[in-house]
Amino acid sequence: MPRDTDPRLLRAFAAVAGELNFTRAAARMFVAQQSLSRDIRRLEDQLGTVLFVRTTRRVALTPEGERLLPYARRVLAAHDELNAAAVRDERPLLVDVGAPVATGQQVLDEARRLAPELEFVARYHSGLTGAAAEIAGGRLDVSFGRVAGLEPAVLAVLDHRLIRYERLAVLLPQDHRLARLPRVPLDALAGETLYAGAGNPETAEWTDYARHLFEGRGIGLAAPFPRIEGEAEFARVVRRRGWSVLASEVFTAVPGMALRPLVDPVPLSPVSMVWRRGLRHPGLDALQASVRRLADAGRWRERPYGSWLPEPDARVLGAAPPSAR
């Protein structure tokens, strides 16, 4: 093997060998399929051998590819360990918490209390779909959100841990007919149209959740709208357009709007902590300890009787089927 073989080429080889599909491997690595194919051809040229047999229907390893695969995986594992050791105590942990009032912020605050000697840098960009791409690309370490809405190829390169079932709510204009209620039954939203991030590719997992929740209930999903950045701009747009908004009970206050819990049944949004598979960092250990303390003390992972959870979430998280629809 050439001494100057780029680890990126070996990662491309290992990804295609693991998926035996160039499209899925490209999605897993967050690169264009054409770019992945070029990297495979470049590696084959460097090694002087063919690694894959490609037909219109299937991709298979050649005998030479099968022989080299375990060596490539060991090289990549050693490379990851070297990188982790080099940065373990030298860089801050980059954590996207979504919003200052979010569950992720509570976890981060507790981790800072438990490990004041460590440096955590918080970011506030909502949407796990967008954050997952940043994590896989090495530009972010940890984020929080609904993992069931991620593409399987993306989820395959991440580790995740359920930390909380957040109860959902609806954010209503103060003069809305339902704002006078202390709690809003889901059936009362029939005929209403709610905003749930449609049009923002970084929050696609949240829009997907809304589709599951609204299906068969006569609740409409607001038309796609350009991504809204910042709390002040969100409040301005929501008030201007007169939207009602699907939200969590853990949500930023919006002047002129009323946040009301949803009931009958209580919809739950699973929040997981998500990080790059293989990440080693003392800050991650502190976040894990923070999750254990907060989740146990606040009974964050308990599901109330009669609550509702989308089937994909129950499947990914290994939760029991919801007891009410």
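A quick note: this is a predicted structure, and the numbers were derived from the prediction, not measured.

Rules behind the numbers
Residues numbered from 1 in each chain as written. Predicted model: local features only at pLDDT ≥ 70, side-chain atom pairs only at ≥ 80, totals over all residues. Heavy atoms only, no water. Helix = DSSP H or I, 4+ residues; strand = E, 2+ residues; numbered from the N terminus. Buried < 20%, exposed > 50% of the residue type's maximum accessible area, 1.4 Å probe, protein only. Contact = heavy atoms within 4.5 Å. Lys, Arg positive; Asp, Glu negative; His and termini not counted. Charge placed at Lys NZ, Arg CZ, Asp CG, Glu CD. Axes fitted to C-alpha atoms, helices over the stretch in contact; angles between N-to-C directions. Parallel < 35°, antiparallel > 145°, perpendicular 65-115°, else oblique. Left-handed = near helix turned anticlockwise from the far one by under 90°. Nonpolar A, V, L, I, M, F, W, Y, C, P; charged D, E, K, R; others polar. Salt bridge = Lys/Arg side-chain N within 4 Å of Asp/Glu carboxyl O. Core = buried A, V, L, I, M, F, W, Y, C linked by side-chain atoms within 4.5 Å. Pairing = 2+ DSSP bridges. Arc of directions from axis to C-beta. Polar contact = N/O pair within 3.5 Å; in protein donor to acceptor, adjacent residues only side chain to side chain.

K.L.:
Mind showing me how you'd approach the overall build of the chain here?
P.N.:
Each helix and strand counted, the chain has 11 helices and 13 strands in total. In terms of principal-axis extent, the alpha carbons of the chain reach across some 75 × 50 × 40 Å. In the chain, which comprises 325 residues, the proportion classed as buried is 46%. For the chain, the proportion of contacts with a sequence separation of at least 24, taken over those separated by at least 6, is 73%. The average position of the 45 basic charges and that of the 39 acidic charges among the side chains of the chain differ by 3 Å.

K.L.:
When you look at the environment of Asp 109 in this model, what are you seeing that I'm missing?
P.N.:
Assignment of secondary structure puts Asp 109 in helix α5 (residues 103-114). In this structure Asp 109 comes out as partly exposed when scored by relative accessible area, which is 40%.

K.L.:
Hey, could you run me through the packing of α5 against helix α10 (residues 282-298) in this one?
P.N.:
Two numbers describe a pair of packed helices, the interaxial angle and the distance between the axes. Between α5 and α10, whose axes approach to 8 Å, the crossing angle comes to 115°. With respect to α10, the element α5 is oriented roughly perpendicular. In the packing of α5 onto α10, the handedness of the crossing is right-handed. Every residue of α10 that contacts α5 at Gln 106, Val 107, Leu 108, Glu 110, Ala 111, Arg 113 and Leu 114 is listed here: Ala 286, Leu 287, Ala 289, Ser 290, Val 291, Arg 293 and Leu 294. Grouping the constituent residues of the contact of α5 with α10 by class yields nine nonpolar, two polar and three charged.

K.L.:
Please clarify how the pattern of salt bridges should be interpreted in this entry.
P.N.:
Once their charged atoms are close, side chains differing in charge can pair, the charge on each being opposite to the other. Tallying each qualifying case throughout the model produces 19 salt bridges. Notably, a salt bridge pairs Glu 302 with Arg 299, separated by 2.9 Å at the nearest N-O pair. The class for Arg 299 is exposed, based on a relative accessible area of 55%. In this structure, Glu 311 and Arg 315 form a salt bridge, with 2.5 Å as the shortest nitrogen-oxygen distance. Taken together, the residues span about one helical turn, with Glu 311 and Arg 315 both in helix α11 (residues 311-317) at a distance of four residues. Classification of Glu 311 by relative accessible area gives partly exposed; the value is 49%.

K.L.:
Help me out: how do you make sense of the nonpolar core in this one?
P.N.:
Most often, soluble globular proteins keep nonpolar side chains buried together rather than apart. In this structure, Phe 13, Val 16, Leu 36, Ile 40 and Phe 52 are the most contacted members of the largest nonpolar core, which totals 22 residues. Within the residue set of this core, elements represented by two or more residues are α1 (7-19), α2 (22-29), α3 (33-47), β2 (59-61) and α4 (63-87). Here the element with the most residues in this core is α1; it accounts for eight residues. The residues touching Ile 40, leaving out its near neighbours within four places in the chain, are Ala 12, Phe 13, Val 16, Phe 22, Phe 52 and Arg 54. One finds Val 107, Leu 108, Met 273 and Ala 295 within the second-largest nonpolar core, a separate group that totals 21 residues.

K.L.:
What exactly am I supposed to notice about the pairing of strand β5 (residues 142-145) here?
P.N.:
Here β5 shows two buried faces, one formed by Val 142 and Phe 144 and the other by Ser 143 and Gly 145. When β5 meets strand β12 (residues 266-276), the two strands line up antiparallel, connected through four bridges. Counterpart to Gly 145 in the pairing with β12 is Ser 272.

K.L.:
Just checking my understanding: could you explain unusual backbone geometry for this structure?
P.N.:
Trans is the common state for peptide bonds, and a negative phi is the common state for residues other than glycine. Cis geometry is adopted by the peptide bond preceding Pro 265, which originates at Asp 264 and carries an omega value of -5°. Locating Pro 265 in the fold gives a position in the loop between β11 (257-263) and β12. Even without a glycine there, the phi angle at Leu 20 is positive, about 50°.

K.L.:
Whenever I open this one, α2 confuses me. Can you help?
P.N.:
Every α-helix winds through 3.6 residues per turn, so residues three or four apart in the chain are directed the same way. For α2, the complete set of buried residues consists of Phe 22, Ala 25 and Ala 26. Down the axis, α2 shows its buried residues gathered within 100° of arc, on one side only. Where the residues of α2 are buried, they touch α1, α3, β1 (52-54) and β2. The backbone nitrogen of Thr 23 lies 2.9 Å from a side-chain oxygen of the residue at the head of α2, namely Asn 21.

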